[in-house]
Amino acid sequence: MVNSGGEETRFKTAIAKAREAADIANVVEPRAESAYYDPSRDRVIINLKSGATFSFPPALAQGLAGASPEDLAEVEVTPSGDGLHWEKLDADFSVPALLAGVFGTAAWMAQIKMKVS
């Protein structure tokens, strides 16, 4: 079966739209430039591409609570900058969600809300 010219055109158009959406998201959504764990402050620090910095205690985050400093130090920023990943801990977080105060599932958030209330 041979690709028709129409299919190829639709495919190229879809790619162009996806790239445009990514460019817009990079401008209007927070993106991480770097992230690291600071054991002296017990905080995950996110340096944003905008120049702002955000930090949070790992005890708030589902999958990070109770992790060793060594494991917390292995944080990776996704290539797009919109996420953080801890391979060994099997934990992933959206940077925009973290900035909005979302540190896990609804059940996790209800559990930590009861602890801090």
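Residues numbered from 1 in each chain as written. Predicted model: local features only at pLDDT ≥ 70, side-chain atom pairs only at ≥ 80, totals over all residues. Heavy atoms only, no water.

S.K.: Mind showing me how you'd approach the overall build of the protein here?
M.R.: The number of helices and strands found in the protein is four helices and six strands. Considering only contacts in the protein between residues 6 or more positions apart, those separated by 24 or more positions represent 36%. If you sum the accessible surface of the protein, you get close to 7600 Å²; carbon and sulfur atoms cover 56% of it. (Helix = DSSP H or I, 4+ residues; strand = E, 2+ residues; numbered from the N terminus. Contact = heavy atoms within 4.5 Å. Areas by Shrake-Rupley, 256 points an atom, 1.4 Å probe, with all protein chains shown as cover.)

S.K.: I would appreciate a short explanation of the sheet that holds strand E4 (residues 76–77) in the present structure.
M.R.: The strands making up a sheet associate through backbone hydrogen bonding, with each pair oriented either parallel or antiparallel. A sheet is described by the order of its strands in space; here three strands give the open sequence E4-E5-E6, paired in antiparallel fashion. In the strand order of this sheet, the two ends are held by E4 and strand E6 (91–94), each with one partner. Relative to E6, strand E5 (residues 83–86) is paired through four bridges, and the arrangement is antiparallel. Looking across to E6, one finds that Leu 84 is bridged to Phe 93. (Pairing = 2+ DSSP bridges.)

S.K.: How do you make sense of the sheet that holds strand E1 (residues 32–38) when you look at a structure like this?
M.R.: Spatial strand order, E1-E2-E3: three strands in an open sheet with antiparallel pairing. The sheet is open, and its two edges are formed by E1 and strand E3 (53–56), each paired on a single side. For this sheet, the mean inter-axis angle between neighbouring strands, taken without regard to orientation, is 20°. (Axes fitted to C-alpha atoms, helices over the stretch in contact; angles between N-to-C directions.)

S.K.: I tried to follow the nonpolar core on my own but got confused; where do I start?
M.R.: It is characteristic of soluble globular proteins that their nonpolar side chains tend to be buried jointly. Counting 23 residues, the largest nonpolar core has Ile 46, Phe 56, Leu 64, Leu 84, Trp 86 and Leu 98 as its most contacted members. Those elements that place two or more of their residues in this core are E1, strand E2 (43–48), E3, E5, E6, helix H3 (95–99) and helix H4 (106–116). Discounting residues that sit within four places of it in the chain, Leu 98 has contacts with Ile 46, Phe 54, Phe 56, Leu 84, Phe 93 and Phe 103. (Core = buried A, V, L, I, M, F, W, Y, C linked by side-chain atoms within 4.5 Å. Buried < 20%, exposed > 50% of the residue type's maximum accessible area, 1.4 Å probe, protein only.)

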